[in-house]
Amino acid sequence: MSLNSVRPWRSIDRRKSRQIMVGNVPVGGDAPISVQTMTNTLTTDVKATLDQVIRAAEVGADIVRVSTPDQDSTRALREIVRESPVPIVADIHFHYKRAIEAAEAGAACLRINPGNIGDESRVKEVIRAARDHGCSIRIGVNAGSLEKHLLEKYGEPCPEAMVESGLDHIKILEDNDFHEFKISCKASDVFLAAAAYQALAEATDAPIHLGITEAGGLMSGTVKSAIGLGNLLWMGIGDTIRVSLSADPVEEVKMGFEILKSLGLRTRGVQIISCPSCARQGFDVIKTVELLEKRLEHIKTPMSLSIIGCVVNGPGEALMTDIGFTGGGAGSGMVYLAGKQSHKMSNADMVDEIVRLVEARAEAIERAQDAAE
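Just so it is clear, the structure is predicted and the values come from calculations on it, not from any experiment.

1. Considering the sheet that holds strand β7 (residues 136-142)
The eight strands lie next to each other as β8-β7-β6-β5-β4-β3-β10-β9, forming an open sheet whose pairing is parallel. Of all strands in the sheet, those with a lone pairing partner are β8 (181-186) and β9 (209-210), marking the two edges. Direction of pairing for β7 relative to β8: parallel, over a ladder of six bridges. Counted as the bridge partner of R138 is K182 from β8. Those strands touched by helix α7 (residues 159-175) are β7 and β8, and its axis lies near 155 degrees from that of β7.

The following block contains the structure:
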């Protein structure tokens, strides 16, 4: 039973959107919120790009975007698409012919920017290519590259200008009977992005791709994204997300999942609940959590684990987690399984024991799921 059914204050009512397909990944409707990232290698370096795509997929990326700035890149895209374990989105700016070439190369989706893709006749050619090759389209509005006439009309990038840009391009797609599209309206300013997304969510039923663009480095960008995306997701807005960081794309995926996990919108791997530690701790909490995060990266089965330094909150947190360890004294602590005391364990052996317990539980859950299918 979902915890939300007995704790209504945890409920998030997701906005009702149409569902489209990005390759084999459903986006919108009642599909899980998908996590995306983007490669930062030269697309023409097929091996490096594929290595990055595969690493991102291994930590949970559902969709990966690849930049296609020139014809050599769209040529390389064909092999990347063929070898990729996840759908590939081709990132298109300025040259509409790159979108046509990317569709021909097998891209699952074409990301086009209304501010620089060109006039309606060019968009129509992109639509024709997308339809012919089974691609979806993302209308990617960005505050930093709005159309000139909108900047003249509104004086500066603002929510109204961003939404108008998006709706203008939605009209072109719909007038051409093309409905396999999603839309984003990104800004580096959290307030601007949030206001634009809220207005956009009311104006269309298209699936929405969330992102705070150019958010910054790993720490600052994650905080910024968590605030912006977290609030929108809490309001039920968002069907697919990217955390845009000046960092390894793998980190973008990890942070995206952490944001979704914190809101109960996606579950993947072990969610560790741990205390910040203090003088009461019965073991080195910080070092232990660092070790467990590394040792448990391979676990994909959803599970909760509490690591608490003392008995003030430890037993209470353990009641609500699958596995728990609470520090005691004399070099040992208590292991909890499904909220109940199980056995004492020495601090020296606790990391190995917890890893063993998590792996055993993951295996049992997976066996039960296989038997139920």
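After presenting the structure, the write-up continues.
2. As for the environment of L200
Topologically, L200 is positioned in helix α8 (residues 190-203). Owing to a relative accessible area of 1%, L200 belongs among the buried residues under this scheme. A C-alpha to C-alpha distance of 8.4 Å links L200 and L167, two positions 33 residues apart in sequence. In contact with L200, other than residues within four places in its own chain, are V163, I183, C185 and I208.

3. Remarks on the packing of aromatic side chains
Within this structure, the stated rule accounts for one aromatic pair. Measuring from ring centre to ring centre gives 5.4 Å for F283 and F325, while their planes differ by 75 degrees; the resulting arrangement is edge-to-face. Here F283, found in the loop between β11 (270-274) and α11 (285-295), pairs with F325, found in strand β13 (residues 323-329); they are 42 residues apart in sequence, far enough to count as distant. We note R18 situated over the ring of F181; from NZ or CZ to the ring centre the distance is 4.8 Å.

4. Focus on α7
The terminal C-alpha atoms of α7 lie 24 Å apart, and with 17 residues this matches the ideal 24 Å at 1.5 Å per residue to within 8%. Burial in α7 covers these residues: A161, M162, V163, S165, G166, H169, I170, I172 and L173. Residues of α7 that are buried make contact with α5 (120-133), β7, α6 (148-154), β8 and α8. Remark: D177 follows α7 within two positions and exhibits a positive phi of approximately 55 degrees.

5. Comments concerning the pattern of salt bridges
This structure, assessed with the given rule, holds 22 salt bridges. Residue D239 is joined to R15 by a salt bridge in which the shortest nitrogen-to-oxygen separation is 3.5 Å. Within this pair, whereas D239 is found in the loop between α9 (218-234) and β10 (240-242), its partner R15 is found in the loop between α1 (3-6) and β1 (19-22), the two being separated by 224 residues in sequence.

6. Re the side chain of R266
One can find R266 in the loop between α10 (249-262) and β11. A distance of 3.2 Å separates polar atoms of two side chains, one belonging to R266 and the other to D62. Apart from residues no more than four positions distant in its own chain, R266 is found in contact with P32, I33, S34, V35, D62, F257, L260 and K261.

7. A closer look at a nonpolar patch on the surface
Nonpolar side chains collect at one region of the surface, where M219, V223 and I227 lie side by side and expose about 330 Å² of accessible area between them. Residue class for M219 comes out exposed when judged on its relative accessible area of 70%.

8. With respect to the environment of T68
Inspection of the secondary structure puts T68 in the loop between β4 (63-67) and α3 (71-83). When the C-alpha positions of T68 and V25 are compared, they lie 21 Å apart, and in sequence the two are 43 residues distant. Once you skip the residues sitting within four places of it in the chain, T68 turns out to touch S73, T74, L77, A90, D91, I92 and R98. Within the structure, T68 has its side chain in polar contact with the backbone oxygen of D91 (distance 3.0 Å).

9. Things to note about the sheet that holds strand β15 (residues 340-346)
Backbone-to-backbone hydrogen bonds join strands into a sheet, with any given pair of strands oriented parallel or antiparallel. Strand order in the open sheet formed by five strands is β11-β12-β13-β14-β15, with mixed pairing between adjacent strands. Since the sheet does not close on itself, it has two edges, and those belong to β11 and β15, each with one partner. The sheet shows a mean angle of 20 degrees between the axes of neighbouring strands, direction not considered. In the sheet, β13 pairs with strand β14 (residues 332-337) via six bridges, with the strands oriented antiparallel. Each bridged residue has a counterpart across the sheet, and for G324 the counterpart in β14 is Y336. Each of β11 and β12 (303-308) touches α11; the most contacted strand, β12, lies at about 155 degrees to it.

10. Digging into the packing of α11 against helix α13 (residues 350-372)
In helix packing, the relevant descriptors are the interaxial angle and the interaxial distance, both defined with respect to the helix axes. Interhelical geometry of α11 versus α13 gives an angle of 35 degrees and a closest axis separation of 10 Å. The handedness of the crossing between α11 and α13 is right-handed. The residues of α13 that touch α11, namely those facing T288, L291, L292 and R295, are M350, V351, D352, I354 and V355. Per-class residue counts for the contact of α11 with α13 are six nonpolar, one polar and two charged.

So, how was this worked out
- Residues numbered from 1 in each chain as written.
- Predicted model: local features only at pLDDT ≥ 70, side-chain atom pairs only at ≥ 80, totals over all residues.
- Heavy atoms only, no water.
- Pairing = 2+ DSSP bridges.
- Helix = DSSP H or I, 4+ residues; strand = E, 2+ residues; numbered from the N terminus.
- Contact = heavy atoms within 4.5 Å.
- Axes fitted to C-alpha atoms, helices over the stretch in contact; angles between N-to-C directions.
- Buried < 20%, exposed > 50% of the residue type's maximum accessible area, 1.4 Å probe, protein only.
- Phe/Tyr/Trp six-rings, centres within 6.5 Å; stacked < 30°, edge-to-face > 60°.
- Lys NZ or Arg CZ within 6 Å of the ring centre and 35° of its normal.
- Expected span 1.5 Å × (residues − 1).
- Salt bridge = Lys/Arg side-chain N within 4 Å of Asp/Glu carboxyl O.
- Polar contact = N/O pair within 3.5 Å; in protein donor to acceptor, adjacent residues only side chain to side chain.
- Patch = residues over 30% accessible without salt bridge, like charges linked within 9 Å, V, L, I, M, F, W, Y side chains within 5 Å.
- Areas by Shrake-Rupley, 256 points an atom, 1.4 Å probe, with all protein chains shown as cover.
- Left-handed = near helix turned anticlockwise from the far one by under 90°.
- Nonpolar A, V, L, I, M, F, W, Y, C, P; charged D, E, K, R; others polar.

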